[in-house]
Amino acid sequence: MIEMFFSTYVSSTIRFLFLLAPFFAVSMFIALTRGLPAAEKASIIRRACIAASVMGVILFFGGPVLFSAIGITLNSFRIGAGTLLFLTAISLVTSGTRNHATGLPEEERDDIAVVPLAVPVMIGPATIGAILVYGAELKSAPEVAGGLLGLLSGLLILGVLLYLSGYLEKALGKTGLNILSKISGLVLSAMAAEIVLTGITGFIASSGLMGA
């Protein structure tokens, strides 16, 4: 049981960290908060991480309820969410940005912590779908606990990276952050392919087409 918890925790932490596209989030945070005092930046990071965590936990446990309410299967949602995640991965690989959050907000905002930083920069449409899928896939208590803690750990690591964004910008520059965003996009594309293929395989098996 403990072994299952730790294996799920480690794999979920890595998985969710890549889903959050941390280096793209760092680049957007730098652009959104340029010129702000350190104390205000720290406050924005805290509020953004809290908002993303609350939303992430709701999505993590909300998958089965949502699928039942709208009458779709987990395998069908795997195919849809995986496809959307793959499009995001392509955008990261080609341009280093998420396809749904490529620019700064046009109007001035009193608080950027929730919108656009928490949503859609940290948790975008593809990430929402993936969290719903991964949460619904975990059945036993150790798996659920490990997955949930992995989600929160991924957000915590992202928060630390945002705190260190100034140092990362100096050390890596915009080009370095862009390259790391593209590398994370490659990993996301593999994750997306796995979600889609699992969905297709499960859909075929449940339809009885394999034995036909």
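As the structure is a prediction and not an experimental result, all values here were calculated from the model. Counting restarts for each chain, with residues numbered from 1 along the sequence as it is written. Where local features are concerned, this predicted model is filtered to residues with pLDDT of at least 70; where side-chain atom pairs are given and counted, the filter is 80 or more; whole-chain, interface and lining totals use all residues. Excluded from the side-chain calculations are hydrogens and water; all other atoms, namely the structure's heavy atoms, are used.

Novice: Even after reading the chapter, I still don't get the overall build of the protein chain, so can you show me in this structure?
Specialist: Within the protein chain, the regular secondary structure consists of eight helices and zero strands. Helix and strand labels come from DSSP, where a helix needs a run of H or I of at least four residues and a strand needs a run of E of at least two; each type is numbered from the N terminus. Beginning at the N terminus, the succession of helices and strands in the protein chain can be written as α-α-α-α-α-α-α-α. Note on method: radius of gyration uses C-alpha positions; expected globular size equals 2.2 Å times residues raised to 0.38. Against the compact-globule benchmark of 17 Å for 212 residues, the protein chain has a radius of gyration of 18 Å, which places it among compact chains. Counting only C-alpha atoms, the protein chain reaches 65 × 35 × 30 Å along its principal axes. For the protein chain, with 212 residues in total, the buried portion stands at 42%. Every residue pair with non-hydrogen atoms within 4.5 Å of one another is taken to be in contact. Long-range contacts, defined as pairs at least 24 residues apart, comprise 88% of the intrachain contacts of the protein chain with a sequence gap of at least 6. For the protein chain, the accessible area works out to roughly 10400 Å², and carbon and sulfur atoms hold 70% of it. In this tally Asp and Glu are treated as negative and Lys and Arg as positive; neither His nor the chain ends contributes. Working definition for charges: the position is that of NZ of Lys, CZ of Arg, CG of Asp or CD of Glu. Of the side chains in the protein chain, 12 bear a positive and 11 a negative charge, and the two mean positions are spaced by 5 Å. Think of it in three bands: with a 1.4 Å probe and only protein chains considered, a residue is buried below 20% of the maximum accessible area for its type, exposed above 50%, and partly exposed in between. With residues, only the protein chains shown are counted as cover, and all accessible areas are computed by Shrake-Rupley using a 1.4 Å probe.

Novice: Please clarify how the packing of aromatic side chains should be interpreted in this entry.
Specialist: Two numbers describe a pair of aromatic rings. These are the distance of the centres and the angle of the planes. Each Phe, Tyr or Trp ring, with Trp reduced to its six-membered ring, pairs with another whose centre is within 6.5 Å; inter-plane angles below 30 degrees give stacked pairs, above 60 give edge-to-face pairs, and intermediate values give tilted ones. In the structure shown here, the tally under the stated rule is five aromatic pairs. On the numbers, 6.3 Å between centres and 10 degrees between planes, the contact of Phe-5 with Tyr-9 is stacked. With Phe-5 and Tyr-9 both in helix α1 (residues 2-19), this residue pair falls four residues apart, about one helical turn. Using a relative accessible area of 23% as the deciding quantity, one classes Tyr-9 as partly exposed. Ring centres 6.1 Å apart and planes at 85 degrees place the aromatic pair Phe-16 and Tyr-134 in the edge-to-face group. Here Phe-16, found in helix α1, pairs with Tyr-134, found in helix α6 (residues 125-137); they are 118 residues apart in sequence, far enough to count as distant. Members of the aromatic cluster, joined through ring pairs, are Phe-5, Phe-6 and Tyr-9. Sitting over the ring of Tyr-134, Arg-15 keeps its end group 4.1 Å from the ring centre. When the NZ atom of lysine or the CZ atom of arginine is within 6 Å of a ring's centre and also within 35 degrees of its normal, the charge is said to sit over that ring.

Novice: How should I be thinking about the side chain of Arg-78 in this particular structure?
Specialist: Along the chain, the position of Arg-78 falls in helix α4 (residues 74-95). Any N or O atom pair separated by 3.5 Å or less is treated as a polar contact, with the protein-specific requirement of one donor-capable and one acceptor-capable atom, and with residues adjacent in sequence counted only for side-chain atom pairs. Of note is the side chain of Arg-78, whose polar atom sits 2.8 Å from the side chain of Glu-137.

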